[in-house]
Amino acid sequence: MTKNMTIYPLSDFEYLRKAGKLAAETLDYITPFVEPGVSTGKLDSLLEDFMRSHGGIPATIGYHGYTKASCISPNHVICHGIPNDHKILQDGDIINIDITVIVDGWYGDTSRMYYVGKPSIKARRLVETTYKTMMVGIEQCKPGNTTGDIGHAMQTLAASENFSVVMDFCGHGIGRVFHGLPNILNYGVPGTGTELVPGMVFTVEPMVNIGTHQALILSDGWTAITKDRSLSAQFEHTIGITPDGYEIFTLSPNGWTYPPYR
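Predicted model only: the values in this text are computed from it and were never measured.

1. Brief notes about the sheet that holds strand 13 (residues 232–234)
Then, number 1: Ordered in space as 6-10-13, the three strands form an open sheet in which the pairing is antiparallel. Of all strands in the sheet, those bounded by a partner on one side alone are strand 6 (164–165) and strand 13.
Then, number 2: As judged from the two bridges shared by strand 6 and strand 10 (residues 207–209), these two strands associate in the antiparallel manner. By the bridge assignment for strand 10, Ser164 is matched with Asn209.
Then, number 3: Each of strand 10 and strand 13 is contacted by helix 3 (residues 121–138), which is oriented at about 40° to strand 13, the strand it contacts most.

Encoded structure:
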């Protein structure tokens with residue numbers, strides 16, 4: 001069922017490419033600044049300046065009262081970590097930086113993991129597995145498949161490494177709106193959910209935990225952490241369904257996939 005879902009003409013993909021390109025360029029730009037001793041607040045300021053100076057608007061500022069240009073989520077923070085000047089990155093941290101930029105009314109949404117100094121072997125395995133989890137989900141994105149096929153592929157890959165996918169958050173439709181249908185769950189049953197058709201645009205953004213899938217929301221109303229305080233990782237791309245598969249709008253111009261970025 002595609003009721004209440006925007007199906008874009010393929011000609012609109014040129015606008016999504018432009019928004020996605022700036023989003024990806026923003027994450028490329030911030031890479032050398034992610035190092036021990038920097039605050040998440042400083043990173044957020046740099047991200048905002050880059051987006052605005054290149055013709056974009058940070059979509060998160062003012063969204064349901066959110067005041068920052070990014071979400072920066074270290075270690076056991078699953079998502080929606082609020083940048084501030086007091087959180088200083090430490091050697092061995094892993095962090096997710098999630099940004100959404102608006103260009104000419106179109107949204108580009110993406111996130112990547114970064115290493116701060118030298119993380120543990122276990123942390124690296126989590127990050128690499130999470131990237132692979134996203135990509136096996138994206139590989140299911142073609143006409144005739146379903147959202148359940150995407151979720152099943154991601155859950156299966158994560159479980160094969162004895163990790164768990166977060167069930168409280170999911171990918172979402174995007175385009176001329178920030179969040180819409182379809183929901184792209186990180187788990188699923190093959191052949192169920194919404195059938196994919198050309199012109200659908202959505203994010204695939206699995207969150208993978210070393211421990212259980214359970215999450216808690218902190219008192220700030222935004223920050224989601226793992227209930228057992230285990231490490232969590234996430235990657236996110238914005239994609240569009242084409243007649244014969246998919247197009248990723250948020251690929252790194254530098255060809256960077258997962259860290260370490262060189």
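2. Quick look at helix 2 (residues 40–53)
Then, number 1: In this model helix 2 runs 20 Å from its N-terminal to its C-terminal C-alpha over 14 residues, within 8% of the 20 Å that 1.5 Å per residue would give.
Then, number 2: Of the residues making up helix 2, those classed as buried are Thr40, Gly41, Leu43, Asp44, Leu46, Leu47, Phe50 and Met51.
Then, number 3: Next to the buried residues of helix 2 lie helix 1 (13–30), strand 1 (57–58), strand 2 (71–74) and strand 4 (94–103).
Then, number 4: Once helix 2 ends, the next one or two residues include Gly55, with phi positive near 85°.

3. Digging into the packing of helix 1 against helix 2
Then, number 1: Two elements in contact, helix 1 and helix 2, have axes whose closest approach is 10 Å; the angle formed by their N-to-C orientations is 140°. One way to sum up the angle between helix 1 and helix 2 is to call them oblique. Handedness of the helix 1/helix 2 crossing: right-handed. Contact residues: Leu22, Glu25, Thr26, Tyr29 and Ile30 in helix 1; Leu43, Leu46, Leu47, Phe50 and Met51 in helix 2.

4. Some words on the packing of aromatic side chains
Then, number 1: Under the defined criterion, the tally for this structure stands at 12 aromatic pairs.
Then, number 2: Aromatic pair Tyr15 and Trp106: ring centres 5.4 Å apart, planes at 15°, arrangement stacked. Taken together, the residues Tyr15 in helix 1 and Trp106 in strand 5 (residues 106–115) connect sequence positions 91 residues apart.
Then, number 3: Exposure remark for Tyr15: the relative accessible area of 37% places this residue in the partly exposed category.
Then, number 4: Ring plane angle 70° and centroid distance 4.9 Å describe the contact between Tyr66 and Trp222, whose orientation is recorded as edge-to-face. With Tyr66 in the loop between strand 1 and strand 2 and Trp222 in the loop between strand 11 (215–217) and strand 12 (224–226), the pair connects residues that are 156 residues apart, well separated along the chain.

5. Looking at the pattern of salt bridges
Then, number 1: If you walk through the whole model with that rule in mind, you get six salt bridges.
Then, number 2: Close ionic contact of Lys21 with Glu25 constitutes a salt bridge, the shortest N to O distance being 2.4 Å. Remark: Glu25 and Lys21 occur in helix 1; sequence separation between them is four residues, near one turn of the helix.
Then, number 3: Under the relative-accessibility criterion, Glu25 is labelled partly exposed at 22%.
Then, number 4: Notably, a salt bridge pairs Arg125 with Glu161, separated by 2.9 Å at the nearest N-O pair. With Arg125 in helix 3 and Glu161 in the loop between helix 4 (147–160) and strand 6, this pair connects stretches of sequence that are 36 residues apart.
Then, number 5: Residue Glu161 is classed as partly exposed on the basis of its relative accessible area, which comes to 30%.

Thresholds, definitions, all that
- Residues numbered from 1 in each chain as written.
- Predicted model: local features only at pLDDT ≥ 70, side-chain atom pairs only at ≥ 80, totals over all residues.
- Heavy atoms only, no water.
- Pairing = 2+ DSSP bridges.
- Helix = DSSP H or I, 4+ residues; strand = E, 2+ residues; numbered from the N terminus.
- Contact = heavy atoms within 4.5 Å.
- Axes fitted to C-alpha atoms, helices over the stretch in contact; angles between N-to-C directions.
- Expected span 1.5 Å × (residues − 1).
- Buried < 20%, exposed > 50% of the residue type's maximum accessible area, 1.4 Å probe, protein only.
- Parallel < 35°, antiparallel > 145°, perpendicular 65-115°, else oblique.
- Left-handed = near helix turned anticlockwise from the far one by under 90°.
- Phe/Tyr/Trp six-rings, centres within 6.5 Å; stacked < 30°, edge-to-face > 60°.
- Salt bridge = Lys/Arg side-chain N within 4 Å of Asp/Glu carboxyl O.

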